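# Breakdown of the fold
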Amino acid sequence: KLALAIIILALGGNAMAHATETFTIYVTRHAEKVPDQVDPGLSNKGQQRANNLAIMLKHTKLEKVLSTKYKRTQETAAPVAAQFNLPVTTYAASDSEALAKALLTEQRNALVIGHSNTVPTLVKFLGGDDFELSERDYGDVFMLQFHADELIVTRLVVTVPE
């Protein structure tokens, strides 16, 4: 049985790339991981959340999937990448500013999988507002829609059954 809930919260955005086309960047943290491992993979719940993320993004027109080098981010990205027949491009978690500049220059529909300490920074460099994610926050997907001179930031939530 599949349970997928999407909660939408509008967030402000004050900066905007000079976009010539409309494009959307989705930014999310990896799903739940197995505890107490050096480079943990996803738990069963995390695998379900990653699969639900793919279901949520099924009707989008993703052109690129990016993830850090860690198992938990790669495994979160895998179902979406497979669905769109795209490779998972690895990026450095330590340089959100450079990643944001590259994404804004490319102007392609993309999904970026990061971490609780990198997702807020990346969203801010892309033009969104400040926010925090704790180590317990999973499932928040920040949808940044770039239209000409406007940025619309929407916070979606991918859930899994308890």
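Here the structure is shown first, and the text comes after it.
Residues numbered from 1 in each chain as written. Predicted model: local features only at pLDDT ≥ 70, side-chain atom pairs only at ≥ 80, totals over all residues. Heavy atoms only, no water.

### Concerning the side chain of His 115
Keep this limit in mind: The secondary structure listing takes helices from DSSP runs of H or I that are at least 4 residues long and strands from runs of E that are at least 2 residues long, numbered from the N terminus. Any pair of N or O atoms that falls within 3.5 Å is considered a polar contact. Within protein, one atom must be able to donate a hydrogen and the other to accept it, and sequence-neighbouring residues count only if both atoms are side-chain atoms.
Structurally, the position occupied by His 115 is in the loop between strand E5 (110-114) and helix H4 (119-125). At a separation of 2.8 Å, a polar atom in the side chain of His 115 contacts the side chain of Thr 68.

### Remarks on helix H2 (residues 71-84)
Filter applied, for reference: For a helix, the expected span equals 1.5 Å multiplied by the number of residues minus one. Bend, at a single residue, is the angle you get between axes fitted to the 7 residues ending at that residue and the 7 residues starting at it. Whether two residues touch is decided by their heavy atoms; if any such pair falls within 4.5 Å, the residues are in contact.
The end-to-end C-alpha separation of H2 is 20 Å, in line with the 20 Å expected for 14 residues at 1.5 Å each. Within H2, the axis deviates most sharply at Ala 78, by approximately 35 degrees, and proline Pro 79 lies no more than four positions further along. At its buried positions, H2 is contacted by strand E2 (23-29), helix H1 (44-56), strand E3 (64-67), strand E4 (88-90) and E5. Where H2 ends, the next residue or the one after it, Asn 85, has phi of about 55 degrees, a positive value.

### Here's the deal with the pairing of E2
Put simply, the rule reads: Burial classes: relative accessible area under 20% of the type maximum marks a residue as buried, over 50% as exposed, and values in between as partly exposed (1.4 Å probe, protein chains only). Strand pairing is defined by DSSP finding a minimum of two bridges between the two strands.
Burial within E2 is extensive, with seven of its seven residues counted as buried. Neither face of E2 is left uncovered, since the one carrying Phe 23, Ile 25, Val 27 and Arg 29 and the one carrying Thr 24, Tyr 26 and Thr 28 both have all their residues buried. Relative to strand E6 (residues 140-147), E2 runs antiparallel, the two sharing six bridges. Paired with Thr 28 across the two strands is Val 141, which belongs to E6. Relative to E5, E2 runs parallel, the two being bridged by five bridges.

### Details of the pairing of E5
Summarising burial for E5: five of the five residues are buried, a large majority. Residue alternation in E5 divides its side chains into two sets, Ala 110, Val 112 and Gly 114 and Leu 111 and Ile 113, and both sets are buried. Across four bridges, the pairing between E3 and E5 is parallel. Looking at the pairing, Lys 64 lines up with Ala 110 of E5.

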